[in-house]
Structure formats: structure tokens, C-alpha cells
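Next come the chains, spelled out residue by residue.
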Amino acid sequence: MALAVDLVSGAQVKALLIDGPEWQPQTAAVKSILEGSGVFQVDILTTPAKGSAFQPSFDKYKVVVLNYGGDAWPLATIAALDKYVQGGGGLVALASADAAFPIWPEYNLMLGVSGAGNRDKSAGPIWFYREGNMAFDGDTPGPAGKAPHPDQPFSVTIRNTEHPVTKGVPLIWMHPADTLAGELRGPGKNMILLATAHSDAERGGTGRDEPVLIALSYGKGRVYHTLLGRMPEAMAGVGFQTLLERGAEWAATGKVTVRMPSDFPTEDKVSTRPLPVSSSVKTAP
């Protein structure tokens, strides 16, 4: 892929990737995927033990990538992230981040929807795709996250062909075996649905088309939320990797320069690459 840079400064886009101990095995892969695009310079910050001081310098970065689904952060840190995104900072929420901060209303607005089991009816209605539009069920109780058995690849369907993240992406493409979360709950505000996947009822799913890629606005900021990649092996999918690169660039700059690779998956064939491993993991100062 051609090298893409910050269109204003001419430098690579600085990204802060935040993880926690449970999610660290995925961090090197996410860092390598993003840096492999040529767009990003990625620093990594691991959330300390509960109750420890934690004050990231969000303003040093164009985009924050959350590979984190753990305990709440100190109130000052939560307020700082909210201010950062409200003020125009970019945010990428990986599937792991669905479980983070269940009682923080502003974070639920940033996500739009969540497939985590710690979201119940109080988090918002169940959202899904039906007959060309987003629909919701505000009556059914229970937690989010119903999913079919994650043992087979499934197809992803692009629902917005004009958004910068998905423009030029094949309409239907295969994703490796992964956990496809359904009965997604959340406030569902300021969302642009980018892609869905069908949750097979015969295999334990919802029988509906579930959102898997979402773009959101939050204040002046942009949020890219991917619900794919819940299983580490699914991160090997070229579709997942390409859309992560494109979504992160859009969140950071509002534009997408990442090109479509020649090995992008097709309607009937999964395409994978070995999971990238970063040779050096640079932590944020």
C-alpha cells in the first residue's frame, strides 16, 4: 500500500492504542495492522491496576484506539477522554471495548451499540437492520450479546457505499469464523450503519442482520466502531484488517487514503494473512 500521511502536517498520524492485561495478546497485532497501512505511528498504553493513577495525554494524538474492556477509569480520565472526542479527537472502539464502562452514559453514546453481556435494557433498546433501515426493540428484556456458534466463516454486507470507510469496498465479502454478537444494545444515536452480517438462528443466533461496522459522530469527534474481531484468529481476515485501517484513518482525519488490497476477500472466499506481530512495542510516554 502507498504511504499515507497526515494531510495537514505531512507526518504520519499519531495514534494511542490503550489496552489492559487481558487484551494484550491482541495489541501487537492491532499495532502492526495499523502501522502496516503506512498511515499511523502507534504508541501503546496499558491501563494500570484498578485505583492507580492514569492520565493519558490524549491531545498528543489524532486518534485513540481502545482494545480495553475492563474496570472503570478514574473520573478525571473519563472526563478527559470525553473532552478529547467532543473536541474533535478520533476514537476507534474495537470489539473488546464493547464491555468497557457500562454505566458511563457518554461512552455508550460514543459506541452507539454494544454486544457485551454487561449491557441490559437500561443501556438502551436492541438495534438491528431490517428492510433497508435500522430498527429497534425497546420491549424485550435481557442482556446483549446473543451469538451463533463461532465455528464458521460468514459474509459481511456493506450497507453504505458512499461513506469514506466503505466506498469502493466489495458489497459482500467473507469474514473468518468469529463471534457475531447480536441483540446489540445502546442509545443508537448519531450512527451511520456501514455493514451487517446475518446471525443464523439455526445455529443459535438471532435470525436477524446484525450491525458489525458503525461510524458515529460525538460532538466534533468521529468514532469508528467495529464489532468484528472478537476472536483473535478473526483478526487475520484481510477484510477486518483493511476496514480497521480505513476506519481508523477516517476517525483521525475525516478522509481515507488506504487503498483496497488485491487480496481482499470475495463473496465466496475468505482471505487471510498471518496475524501481524510487532517486532517492537513502543509504549506511550
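The preceding data block contains the structure.
### Focus: the nonpolar core
Most often, soluble globular proteins keep nonpolar side chains buried together rather than apart. Counting 39 residues, the largest nonpolar core has F40 and V92 as its most contacted members. Listing elements by their share of this core, those giving two or more residues are strand 1 (13-19), helix 1 (24-36), strand 2 (40-46), strand 3 (63-67), strand 7 (154-158), strand 10 (191-198), strand 11 (209-218) and helix 4 (238-253). Examining the composition of this core, we find that seven residues originate from one element, helix 4, more than from any other. Not counting residues within four places of it along the chain, the set of residues in contact with V92 comprises V63, V64, V65, L66, Y224, L244, A248 and A251. One finds Y61, W73, M110 and L216 within the second-largest nonpolar core, a separate group that totals 34 residues.

### Description of the packing of aromatic side chains
Following the criterion strictly, the structure yields 11 aromatic pairs and no others. Ring geometry for F101 and Y107: centres 4.9 Å apart, planes at 90 degrees, overall edge-to-face. By the burial criterion, F101 is buried, and Y107 matches it. When the ring of W104 is compared with that of Y107, the centres are 5.6 Å apart and the planes differ by 15 degrees; the resulting orientation is stacked. As far as the burial class goes, W104 and Y107 line up, both buried. Three or more aromatic residues joined by ring pairs make a cluster, and in this case those are W23, F54, Y68, W73, F101, W104 and Y107. When the ring centre of Y61 is taken as reference, the NZ or CZ atom of K14 above it lies at 5.2 Å. When the ring centre of F128 is taken as reference, the NZ or CZ atom of R208 above it lies at 4.3 Å.

Rules behind the numbers
Residues numbered from 1 in each chain as written. Predicted model: local features only at pLDDT ≥ 70, side-chain atom pairs only at ≥ 80, totals over all residues. Heavy atoms only, no water. Core = buried A, V, L, I, M, F, W, Y, C linked by side-chain atoms within 4.5 Å. Buried < 20%, exposed > 50% of the residue type's maximum accessible area, 1.4 Å probe, protein only. Helix = DSSP H or I, 4+ residues; strand = E, 2+ residues; numbered from the N terminus. Contact = heavy atoms within 4.5 Å. Phe/Tyr/Trp six-rings, centres within 6.5 Å; stacked < 30°, edge-to-face > 60°. Lys NZ or Arg CZ within 6 Å of the ring centre and 35° of its normal.

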